[in-house]
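Here is how the chains run, residue by residue.
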2 protein chains.
Amino acid sequence: MRFEIKYRDGMGRVCLLEINNKKIETPTIMPVVHPNPKKQSVPIDFIKKLADIVITNSYIIYKNKFLREIAEKLGVHKLLNFDKIVVTDSGSYQLSVYGKIDVEPNEIIEFQERIGVDVGTILDIPTPPDVDKEKAERDLEETLRRAKEAIKLREERGYRLLLNGTIQGSTYLDLRKKSAIEMSKLNFDIYPIGAVVPLMESYRFREVVEIIINSKMYLPNNKPIHLFGCGHPMFFSLAVLLGCDLFDSAAYSLYAKDGRYLTETGTLHLEEMKDLKEFPCSCPVCLEYKPNELYNLDEKERERLLAEHNLYVTFEEINKIKEAIKEGSLWEFVEKRVRAHPKLLEAYRILKNYMEYIEKFDPVTKKSAFFYTGIESLYRPEVLRHKKRLKRIKYNKVYITNISSKVERPYSEHINIVKTDVDILIKHPIFGLIPYYIDTIYPLSQHEAPELYDFEKNINDRFIEEFINWLRKKIGEENILDIRSYNYYTSLFSEDFDSNAYRIRKMLQYQYGYDILEGVNVRVIRSKNTGRLRKVLNENGDLLFSIRSHDNFLIPSKLGAKLLWEKIPFPKYRVVVNKEAEPFVKKGRNVFAKFIVDADEELRPYEEVIVVNENDELLAYGTNILNGVEMREFNNGLAVKVRGGIYE
Amino acid sequence: MRFEIKYRDGMGRVCLLEINNKKIETPTIMPVVHPNPKKQSVPIDFIKKLADIVITNSYIIYKNKFLREIAEKLGVHKLLNFDKIVVTDSGSYQLSVYGKIDVEPNEIIEFQERIGVDVGTILDIPTPPDVDKEKAERDLEETLRRAKEAIKLREERGYRLLLNGTIQGSTYLDLRKKSAIEMSKLNFDIYPIGAVVPLMESYRFREVVEIIINSKMYLPNNKPIHLFGCGHPMFFSLAVLLGCDLFDSAAYSLYAKDGRYLTETGTLHLEEMKDLKEFPCSCPVCLEYKPNELYNLDEKERERLLAEHNLYVTFEEINKIKEAIKEGSLWEFVEKRVRAHPKLLEAYRILKNYMEYIEKFDPVTKKSAFFYTGIESLYRPEVLRHKKRLKRIKYNKVYITNISSKVERPYSEHINIVKTDVDILIKHPIFGLIPYYIDTIYPLSQHEAPELYDFEKNINDRFIEEFINWLRKKIGEENILDIRSYNYYTSLFSEDFDSNAYRIRKMLQYQYGYDILEGVNVRVIRSKNTGRLRKVLNENGDLLFSIRSHDNFLIPSKLGAKLLWEKIPFPKYRVVVNKEAEPFVKKGRNVFAKFIVDADEELRPYEEVIVVNENDELLAYGTNILNGVEMREFNNGLAVKVRGGIYE
Ligand SMILES: [Mg+2]
Ligand SMILES: [Mg+2]
Ligand SMILES: [Zn+2]
Ligand SMILES: [Zn+2]
């Protein structure tokens, strides 16, 4: 199995997943198909057009003599007439419905191997929500026992079957955590999060979110996460944001049986739609039929067409999510979607409590601007990260002030200040405080917000107060200037102070947390067209950094990378590769995950990092795709997109 | 022309519009088609599949000898090969671009009549945003002069041409108002709001919203409003919410020429999409092509397909909006859509300032629950109306208290109180105060909200304070009980007090603003299944009111209607019909707008009203579709859906 991150945003990721030489892109959805084509509302040929992966039930095949014979003879792919990836469930569902089933845990593993399934599932115990804790614990122990048995069986017999290791624990977050920790120790390929369907059905989205996070935090990052049983598109984007990669949908078909019409934000009843002139959808079904025409078709035909529509919107939503990840606007996408139902909004709001963790996975820079979509946006990782990174700046004298919300950003292009080395911190309703000297960096200028309500403007007051307290301890009360002392101090200030160089120095402090330009004389070049800072040269006129226009990140040259390496202590901002990779990386080749020995565990995605060997000798510099934690976990895919090697 | 409201929500409405025997449903969009098919990116046959109405430019036809000959000989419908409704612009656009044009105002009116246009447009002056006020005023005077001339010409010559009377006034709201007032005096058929395109293009949505409202407030409600030049679906729902009925789109084609791909929430560039595995859309174009395939097609083909996709999403959005209106969830729909861009959110937030006006058009009851999607929801008409209608209740003794947010609604089903005639007002973060005795009425129990942030919970503090001040004046400080006096008072209270009857009395006060059950003895029947109040009988056991389950509105029987008629003074809650309608209405036939003589101007849509003749004799009772103001303006369509006539 290969699993590689291609694009990412939040904890969401677009990945390449390769199983048995079949490549697919995640996040995606596996339609649930019935092994008996007669029980399948939508023909497999239709499903093939949309899906690269399907899921079916191995227990149903096992129990049915006819299906079993075909599967054992020709394999599950021929049985389903589907040659891409086939995943099977194991009978857990039947177990949850009927209380007992007719197969031993290892027997069904063996059967899944025998019929050539790509990814099978252990016979876990799906504990429903709200049961006694003792029951949940007992179930979990049994699931873990079976998990170990299954892995052992696979190893002993040399099965090629990949395995789902399902996370259980009912609504007990500590049990979900325990489940994740224990299952992680076993070599499963995909980790489904199980038994959330009853919660989904009763709109207990907040609890689903907490279950996902409390599982995900303890699961390996280099394995796909499958949110088992979640087939309603209204929840996809939130689940993807939290790192879910796979979904399955029986919903498309079950809802259709029930006359229900899925949308990306909810469910409508065909019956209630029949007075509409047109369907609110552009899929082939909805373009061909008027609502009353579809309603009046015979039952089987109507069910099939509804199921087709349901599949179209399901995949459309997945495609919209992937597009948002690629744009770096997944948070904005989710903040739109969660308005579909107050329970979704509530679920989203709970992320605030987990933002310290989530922030580690969120890219430090994005293609698209930060959009404020409501007070919820105040708690996003971009805001949290800024508030933490504010402490990276080396403050000397500080002056804290207000600027009218009418002033456009970056402030530095719209207001003039006298020359000064004072760190001017501008109060800001979203980001708390914006230092004047770094105000061009993403997202401090790359954000959009509406005019705020008055009470919204004060939400950051406490943060500002706490920050001032921190400053007081750091630099002393006397260095926090009031307007009078600020004016007095700046009036004495030297006219030949190079405020461009000072700005770059501050920006580097913010970007790296170290004073890279301490004792270094630089010359800063502005663009002739835009007047904006573009290049940082050393005394000899050699390039150290260029300033990337869309986010104002400082991008090191080879010389700049050397300077970073000198000024930043090991292991900060380092990715350490092994001997094998060294000669290639030095020549500027990209760093792949499998060659990584170590990395700064605090690295966020898309930072500008340096690549070193185990003796901390500089090899190359580039942009990391994986964060510090993932660097250690992933064995596939790109880890650092190298800009240049030291031998280049 | 016929124009009738079928469904409504906010100021939005789904209407039947009939022009020259061609019936269409609004809101809808008219694709802009070029009179020369060679200049048309999408063939007319494709447009026919989606559109019932198109717009083209009469000036282009007028200026082109070839097109003009065909149009004059065969008519504009044959020229376009489109037999449904054809609207034409007049050259105003060319005037705005080139500063002058080659046709006299009345000449182009005459030409539009001659070529058989369904709806023509006067040659108004489209004043751009931000011009000098003097210029805007001069332009407006000239537009008004031409408007009068055009109407005069049409009358004198007996033209059958319907006419667009465009509202101008640049970004000056007082001029927009003046324009609306003056144009309303003339007998135009459709009122376009003009010259908003430059504002739309620079995302100045807030100003567009203010222009729409400040025009709409002074325009007749019984004429369609066309938001001229607005073709981006991201703005449709907000415009519809404010009462716009028609849109036109050149955008589908112009954006396609530019390689831009419309979505319901913004615009993407095909170039940036070419790495996507699939398009985020289920239209036939997006299902047939992968992004990179479409990108690599030859220019003309790509442009046509992009334009087709753009049209599909444009119409899909209209269909979604109509569905939301029918469900009574248009506010929720808009509150989702405005999260697409902070400037849209800002535009939406400004509605708060106009909510007193907007509330008059918003139905008092809706099929679907009130969803809280963020703090913006606090200012919705349902909330404003509740806060005003709270003053309808006749308070005696009042006790104001808190209830944990964990208690489910209706409170009366989840908490027990001792028998009392004290009006218990429960503090509520969204609705301010919820009287215990009316807590089952829409939307007091029919709403959903997430767990609120702490600061959100206090936003209604000022309202509560003001309300207590009002109460103090109304009933005296001594009747506002504290916990001690409340307990003392209720401990003395009679055990045989009929709190069900008291509840109904309070509900009727809230629903009508009068004490309908004063001096009336009633018996209240609960449902055996649900335990909920279901029927109100008089002393003889005859039905007065039934309680509608989804919103707990009191629905009068014939006897109930008589009671309302006795207890509510004229003209409150009345619709007055003329002699001609009287015999039919008495027999229970619906009331159509054209028979209406007068109506309570404070009526909101979907109230339970009584129908009387000019002598205030009771004829019937039913649900009003039009509000009090519209009753006087509309000449078409249903005004009151009658439940029963007095002779029935
Ligand atoms: Mg769709
Ligand atoms: Mg679509
Ligand atoms: Zn569809
Ligand atoms: Zn499309």
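On a predicted model such as this, the values are computed, not experimentally measured, just so you know.

1. Structural notes on the domain arrangement of chain A
Frequently, the measure chosen for interface size is the accessible area removed from exposure when the parts meet.
Residues and elements named next belong to chain A.
Here is step 1: Annotation of chain A at the domain level lists domain 1 (2-353), domain 2 (363-491) and domain 3 (569-648).
Here is step 2: Measuring from the centre of the C-alpha atoms in domain 1 to the corresponding centre in domain 2 gives 44 Å.
Here is step 3: In this assembly, 15 residues from domain 1 lie in contact with 16 residues from domain 2.
Here is step 4: The junction of domain 1 with domain 2 conceals about 1200 Å² of combined surface from both sides, 50% of it contributed by carbon and sulfur atoms.
Here is step 5: The largest share of the area that domain 1 buries against domain 2 comes from Trp331, Glu332 and Glu335, three residues that together contribute 39% of it.
Here is step 6: A salt bridge links Lys366 to Asp9; the nearest nitrogen and oxygen atoms lie 2.6 Å apart.
Here is step 7: For the pair domain 1 and domain 2, the interface holds 10 residue pairs in polar contact (both at pLDDT 80 or more).
Here is step 8: Contributing elements (two or more residues each) for the side of domain 1 that touches domain 2: β1 (2-9), α16 (299-327), α17 (330-337) and α18 (342-349).
Here is step 9: Residue composition of the side of domain 1 that touches domain 2, grouped by class: three nonpolar, three polar and nine charged.

2. Observations concerning the packing of α16(A) against α17(A)
Residues and elements named next belong to chain A.
Here is step 1: Axis separation between α16 and α17 bottoms out at 7 Å; the angle between their running directions is 140°. In terms of axis orientation, α16 runs oblique to α17. Touching Glu317, Lys320, Ile321, Ala324 and Ile325 of α16 are Leu330, Phe333 and Arg337, all from α17.
Here is step 2: Among the residues forming the contact of α16 with α17, the class breakdown is five nonpolar, no polar and three charged.

3. Examining the packing of aromatic side chains
Here is step 1: The full count for this structure, using the stated rule, is 48 aromatic pairs over all chains.
Here is step 2: Seen from their ring centres, B:Trp331 and B:Tyr348 are 6.4 Å apart, and the 65° between their planes marks the pair as edge-to-face. With B:Trp331 in helix α17 (residues 330-337) and B:Tyr348 in helix α18 (residues 342-349), this residue pair connects regions lying 17 residues apart in the sequence. The two residues B:Trp331 and B:Tyr348 agree in class, both being buried.
Here is step 3: When the ring of B:Phe467 is compared with that of B:Trp470, the centres are 5.3 Å apart and the planes differ by 35°; the resulting orientation is tilted. Remark: B:Trp470 and B:Phe467 occur in helix α23 (residues 461-475); sequence separation between them is three residues, near one turn of the helix.
Here is step 4: Put simply, the rings of A:Tyr436, A:Tyr437, A:Tyr489, A:Phe493, A:Phe497 and A:Tyr502 touch in pairs and so form one group of aromatic residues.
Here is step 5: Across the ring face of A:Tyr255, the terminal group of A:Arg260 is positioned such that the distance to the ring centre comes to 4.1 Å.

4. Considerations on the sheet that holds strand β19 (residues 480-481) of chain B
Residue and element names in this part refer to chain B.
Here is step 1: In space, the four strands of this open sheet follow the order β17-β16-β15-β19, with mixed pairing throughout. Every other strand in the sheet has two partners, leaving β17 (432-435) and β19 as the edge strands with one partner each.
Here is step 2: Summarising the sheet, strand β15 (residues 398-401) and strand β16 (residues 423-428) pair through four bridges and their orientation is parallel. Each residue of the ladder has a partner; that of Ile400, found in β16, is Leu425.

5. Examining the UniProt feature "domain: PUA" (unreviewed entry) in chain A
Here is step 1: The UniProt record marks residues 573-647 of chain A with the feature "domain: PUA" (unreviewed entry), using the residue numbering of this structure.
Here is step 2: Regarding residues 573-647 of chain A, the helix share stands at 15% and the strand share at 40%, and the terminal C-alpha atoms are separated by 20 Å.

6. What about the coordination of the zinc ion (ligand 4)?
All names here are of chain B.
Here is step 1: Looking at the metal site, the zinc ion (ligand 4) is ligated by Cys281 (SG), Cys283 (SG), Cys286 (SG) and His309 (ND1), spaced 2.1 to 2.3 Å from it.
Here is step 2: Viewed at the metal, the four donor atoms of the zinc ion (ligand 4) are separated by angles of 99 to 117°, and the geometry they form is tetrahedral.
Here is step 3: Look at where the donors of the zinc ion (ligand 4) fall in the sequence and you get C-x1-C-x2-C-x22-H.
Here is step 4: According to the relative accessible area criterion, Cys283 is buried, its value standing at 0%.

7. Digging into the environment of A:Ile55
Residues and elements named next belong to chain A.
Here is step 1: Tracing the chain through its elements places Ile55 in strand β5 (residues 53-57).
Here is step 2: In this structure the C-alpha to C-alpha distance between Ile55 and Gly231, which are 176 residues apart in sequence, comes to 12 Å.
Here is step 3: When sequence neighbours within four positions are dropped, the list of residues in contact with Ile55 reads Met30, Pro31, Val32, Val33, Val87, Thr88, Asp89, His226, Phe228 and Asp248.

8. Topic: the sheet that holds strand β2 (residues 12-19) of chain A
Residues and elements named next belong to chain A.
Here is step 1: As summarised here, the arrangement of the three strands in space is β1-β2-β3, forming an open sheet in which the pairing is antiparallel. The open sheet terminates on both sides in strands that have one partner only, identified here as β1 and β3 (22-26). The average angle at which neighbouring strand axes cross in this sheet is 15°, direction not considered.
Here is step 2: Relative to β3, β2 is paired through five bridges, and the arrangement is antiparallel. When the bridges of β3 are listed, Leu16 appears paired with Glu25.

9. Remarks on the UniProt feature "active site" (unreviewed entry) in chain A
Residue and element names in this part refer to chain A.
Here is step 1: As annotated by UniProt and renumbered to match this structure, "active site" (unreviewed entry) occupies Asp89.
Here is step 2: Using a relative accessible area of 11% as the deciding quantity, one classes Asp89 as buried.
Here is step 3: Residues within four places of Asp89 in sequence aside, it is in contact with Ile55, Thr56, Asn57, Ser58, Tyr59, Gln112, Thr121 and Phe228.

10. Some remarks on the relation of the copies chain A and chain B
Here is step 1: Note on the identical chains: chain A maps onto chain B by a rotation of 180° and an axial translation of 0.0 Å, with an RMSD of 0.1 Å. Here the symmetry operator amounts to a two-fold rotation axis. Across chain A, the smallest distance between a C-alpha and the rotation axis is recorded for A:Cys283, namely 2.6 Å.

Cut-offs and rules
- Residues numbered from 1 in each chain as written.
- Chains lettered and ligands numbered in written order.
- Predicted model: local features only at pLDDT ≥ 70, side-chain atom pairs only at ≥ 80, totals over all residues.
- Heavy atoms only, no water.
- Domains from an automatic or database assignment.
- Contact = heavy atoms within 4.5 Å.
- Buried area = accessible area lost by both parts, 1.4 Å probe.
- Salt bridge = Lys/Arg side-chain N within 4 Å of Asp/Glu carboxyl O.
- Polar contact = N/O pair within 3.5 Å; in protein donor to acceptor, adjacent residues only side chain to side chain.
- Helix = DSSP H or I, 4+ residues; strand = E, 2+ residues; numbered from the N terminus.
- Nonpolar A, V, L, I, M, F, W, Y, C, P; charged D, E, K, R; others polar.
- Axes fitted to C-alpha atoms, helices over the stretch in contact; angles between N-to-C directions.
- Parallel < 35°, antiparallel > 145°, perpendicular 65-115°, else oblique.
- Phe/Tyr/Trp six-rings, centres within 6.5 Å; stacked < 30°, edge-to-face > 60°.
- Buried < 20%, exposed > 50% of the residue type's maximum accessible area, 1.4 Å probe, protein only.
- Lys NZ or Arg CZ within 6 Å of the ring centre and 35° of its normal.
- Pairing = 2+ DSSP bridges.
- UniProt positions renumbered as here; feature names shortened; annotations may be inferred.
- Donors = N, O, S within 2.8 Å, 3.2 Å for Na, K, Ca; no water.
- Tetrahedral: all angles 85-135°; square planar, octahedral: opposite > 155°, others 65-115°.
- Least-squares fit on C-alpha atoms with pLDDT ≥ 70 in both.

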